[in-house]
Structure formats: structure tokens, C-alpha cells
Amino acid sequence: MLVSCSNKFIIWDVSTGGIARQVDPKIQGIMFGLALSPNDKLAASYTNNNEILVFNLLTGEHRSFKEPSIEEQPSIQNMQINIQEVAFYVKHQWFVYRL
């Protein structure tokens, strides 16, 4: 499995070279950064509009989070995900959302 993102989230089957799953979250903007959970079941990305997207790699389901206190765009610098929460940070602050 290989995972990539831009304005869509794409899961590639490395054995065939084909696309295994493609998810279009219909977001405004482009996704940056990509983090996978330790069990490879979840992936997270953030957009240039400071939206956090979390994807279930098995089902294609996704949800989004937007931190209202972040006004500058883009200001998310990076993120991490585990099986229970996604954490992201801006210049001087961390935010954590439970999944």
C-alpha cells in the first residue's frame, strides 16, 4: 500500500501499480502533509485552509476538523495521528482531537 494526497486521497496497490481506493473529500484547497497511524488503518492530512482530514484507509470514510482559533492561513505546520487521536501544531501551540 502507498498513500498520497493532493485534492484527493489516493491509496495505491503497490503489487499491481493500480489505484486501490480514491476518496474525494470535496474540500476547498490542497492537502499538505500526510501521517499514518501505527496500525496503518487511519491517515491524516491538513489543508492550506487549516482543515484537518482523517481517513479510514479500509472503508474510505473520512471526517474533518477545523480549529476556529487559527486565523492565519496556512498556519498548520505538521501533525501526528494514532489510533485514538490526531494532534497538529501551529507556530506556538498544539491541538488534539479525539477520534
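Residues numbered from 1 in each chain as written. Predicted model: local features only at pLDDT ≥ 70, side-chain atom pairs only at ≥ 80, totals over all residues. Heavy atoms only, no water.

Side note on the nonpolar core
- In terms of nonpolar packing, the biggest core is built from 16 residues, with Ile52, Val54, Ile76, Ile81, Val86 and Phe88 touching the most fellow members.
- Of all the elements in the fold, those that place two or more residues in this core are β5 (42-47), β6 (51-56), β8 (78-81), β9 (85-90) and β10 (93-98).
- Judged by nonpolar contacts, the second largest core, of ten residues, contains Phe9, Val23, Ala43 and Leu53. (Core = buried A, V, L, I, M, F, W, Y, C linked by side-chain atoms within 4.5 Å. Buried < 20%, exposed > 50% of the residue type's maximum accessible area, 1.4 Å probe, protein only. Helix = DSSP H or I, 4+ residues; strand = E, 2+ residues; numbered from the N terminus.)

Here we look at the pattern of salt bridges
- Under the counting rule described, the total for this entry stands at two salt bridges.
- Its salt-bridge partner being Asp24, residue Lys26 comes within 3.9 Å of it at the nearest N-O pair.
- Under the relative-accessibility criterion, Asp24 is labelled partly exposed at 35%.
- One salt bridge in this structure joins Glu85 and Arg98, with 2.8 Å as the shortest N-O distance. Here Arg98 lies in strand β10 and Glu85 lies in strand β9, a separation of 13 residues in the sequence. (Salt bridge = Lys/Arg side-chain N within 4 Å of Asp/Glu carboxyl O.)

As for the environment of Ile30
- Summarising the element assignment, Ile30 is placed in the loop between β3 (19-23) and β4 (31-36).
- Of the residues examined, Ile30 reaches a relative accessible area of 39% and is grouped as partly exposed.
- Along the backbone, Ile30 and Ile83 are 53 residues apart, and their C-alpha atoms lie at a distance of 24 Å.
- Sequence-distant contacts of Ile30, defined by excluding residues within four places in its chain, comprise Ser6, Asn7, Tyr46, Thr47 and Asn48. (Contact = heavy atoms within 4.5 Å.)

A closer look at the pairing of β4
- Alignment of β4 against β5, held across four bridges, turns out to be antiparallel. The residue bridging Met31 from the neighbouring strand is Thr47, located in β5.
- Here β4 hands over to β5 after five residues, with Asp40 in that stretch at a positive phi of 60 degrees. (Pairing = 2+ DSSP bridges.)

Read these as layout, nothing more, since geometry by itself doesn't imply function.
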